Amino acid sequence: MGYIGIVNSDEEIGTQIIRLLKEDNIANYKILTCEEEIIEFISFELPDLVIINFSDPNLNIESIMEQISQDIWVNNFGIIGIHDQEKITEEAVMKKYIEFNILTLLDTLLYKIVLTKCAKIILENKQLLFNKGLSEKFFDKDAGSLKIGNDPLTVSIYAGLTSSMLIQKSLVKPESRMHIQLVFSELIINAIEHGNCGITFDEKTDFLESGGNIIDLIVKKNEDPVIAAKKVSIEWEMSKDKSIFIIRDEGTGFNVFTLKDKIKKEGAYALHGRGVKMASLFAERLAYNKKGNAVLVQIRHDRDISPKAPDSLASEEVIDVKKGDIVCKEGEFGDSLYYISSGKYSVWHANKKVGELDPADIFIGEMAFFLNNERSATVVAELHGRIIKISRKNFIRIIKKYPQYGLFLVKLLSEKIVRANIANAGLQNSLTNMKLTI
């Protein structure tokens, strides 16, 4: 279980959060009630998850978020937000803090019901958020999957995880987060509602017109253990230009064309089909299978996403590179480290291309730099880009001034080693299987 920071000074909410954490046996957390303590915790503890009360009357949340945003090397955690809808709306929070990894926002009533469920889901799947795109350096395509239960109150977390994956990997811009998150929320709800729970068009209409809400109807349906055992799956494959997600339920399916006709007849104020309409607006492609129990969503990647460099690098040498420029050569002494601001770079060893680097990788040449050794590969610019050159002397100066960066770099290099071990294990398994078949 990861380390959780709780940014809140409201006594009533704080007491409630602690009670919820204790009830669910979550012990690895710290309550943060003043600005200095919050910044220090985030900078030096590098938490996986931070719960923030955006409506806290005693904390200057705007100032805190501004300080964190200036240091992108530690602004690398998931956020569950709590907010008072009367003081600040969900849309206002998301727009104001667009650069932050806000996975879900819970109002002051909803957090009492689902806070710890959401926290556990995030921590169990944190590898989806914080690998910084390293996996695709070992595989041509990055793929994965998630299994989701029929609890509509946790859908926003899964939608948040899915959209944040794309942003953390620098595949889409942060401004797209709300739209993508909304698309996945609606389609997952559809899979639960119409797929696993088998709620028909007419049944939903009657229930809503009688004053009920869809969540109550889903809860009622899940009283049947057969329905409650069904899952929704999200499978994805991320390639260079696009990401494809398939959302699949365990229901009997439905006639997609009949539903579209009914939505069209009901017009703009239809009680049905919101998910299909929203996805059609924001996804590049939307397609159902013949059975009607799986939908494919295609997201086109944004190009030329250039992350903001940390303030600590403001005085370092900025280098604009053109396609074909050599950043560093195999065999030369590695006395400089390069921060990737933009562009794409190929990695060559013994005249063979062995990988690619982009802003998601953060650095070029860190291994030779840290080991005070020769470069193990040649790195060539594939596109126009920008890098920041950091000398050994200046790097040590930065670490002394910002000691938390040492922790960040240890975490980054550890992730790369883990990914390399996974890749090596996969290669070994492939070789073993080849020998067995010969």
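A brief look at the structure comes next. (Residues numbered from 1 in each chain as written. Predicted model: local features only at pLDDT ≥ 70, side-chain atom pairs only at ≥ 80, totals over all residues. Heavy atoms only, no water.)

1. A few points about the nonpolar core
By size, the foremost hydrophobic cluster in this structure holds 58 residues, and its most contacted members are Ile80, Ile188, Phe245 and Ile247. Apart from the residues within four sequence positions on either side, Ile80 is in contact with Leu49, Val50, Ile51, Ile52, Thr104, Leu106, Leu115, Cys118, Ala119 and Ile122. (Core = buried A, V, L, I, M, F, W, Y, C linked by side-chain atoms within 4.5 Å. Buried < 20%, exposed > 50% of the residue type's maximum accessible area, 1.4 Å probe, protein only. Contact = heavy atoms within 4.5 Å.)

2. Here we look at unusual backbone geometry
Although it is not a glycine, Ala350 sits at a positive phi angle of roughly 55°. Structurally, Ala350 is set in the loop between strand E14 (345–349) and strand E15 (352–357). Its relative accessible area of 48% is what places Ala350 among the partly exposed residues. You will see that Asn351, though not glycine, has its phi angle at about 65°, which is positive. Structurally, the position occupied by Asn351 is in the loop between E14 and E15. Owing to a relative accessible area of 74%, Asn351 belongs among the exposed residues under this scheme. (Helix = DSSP H or I, 4+ residues; strand = E, 2+ residues; numbered from the N terminus.)

3. Remarks on the environment of Phe207
On the secondary structure map, Phe207 appears in helix H9 (residues 201–209). It is 7.6 Å that separates the C-alpha atoms of Phe207 and Leu217, two residues lying 10 residues apart in sequence. Ignoring sequence-local partners within four residues, the contact set of Phe207 consists of Gly212, Asn213, Asp216 and Leu217.

4. Digging into the pairing of strand E8 (residues 242–248)
Of the two faces of E8, the one lined by Ser243, Phe245 and Ile247 is fully buried and the one lined by Lys242, Ile244, Ile246 and Arg248 carries no buried residue. With 6 bridges joining them, strand E7 (residues 232–238) and E8 adopt antiparallel strand pairing. Each residue of the ladder has a partner; that of Ile234, found in E8, is Ile247. Between the antiparallel neighbours E7 and E8 lie 3 residues. Relative to strand E10 (residues 294–300), E8 is paired through 7 bridges, and the arrangement is antiparallel. What sits directly across from Ile246, in E10, is Leu296. (Pairing = 2+ DSSP bridges.)

5. Section: the sheet that holds strand E2 (residues 29–32)
On the basis of which strands lie adjacent, the open sheet formed by 5 strands has the order E2-E1-E3-E4-E5 and parallel pairing. Edge positions in the sheet fall to E2 and strand E5 (102–107), since each of these pairs with one other strand and no more. Shown here is a sheet whose adjacent strand axes are inclined to one another by a mean of 15°, direction ignored. Where strand E1 (residues 4–7) and E2 come together, 4 bridges link them in parallel fashion. Counted as the bridge partner of Ile4 is Tyr29 from E2. Packed onto the sheet, helix H1 (residues 11–23) meets E1, E2, strand E3 (49–53) and strand E4 (78–83) and runs at close to 180° relative to E2. (Axes fitted to C-alpha atoms, helices over the stretch in contact; angles between N-to-C directions.)

6. What to know about the packing of aromatic side chains
By the definition in use, this model includes 7 aromatic pairs. On the numbers, 5.1 Å between centres and 65° between planes, the contact of Tyr3 with Phe41 is edge-to-face. You can see Tyr3 sitting in the segment before E1 and its partner Phe41 sitting in helix H2 (residues 35–45), a full 38 residues away along the chain. In this structure Tyr3 comes out as partly exposed when scored by relative accessible area, which is 23%. With a centroid separation of 6.2 Å and 75° between ring planes, the pair formed by Tyr339 and Phe363 is classed as edge-to-face. Here Tyr339 is found in strand E13 (residues 336–342), whereas its partner Phe363 is found in strand E16 (residues 363–364), with 24 residues between them in sequence. (Phe/Tyr/Trp six-rings, centres within 6.5 Å; stacked < 30°, edge-to-face > 60°.)

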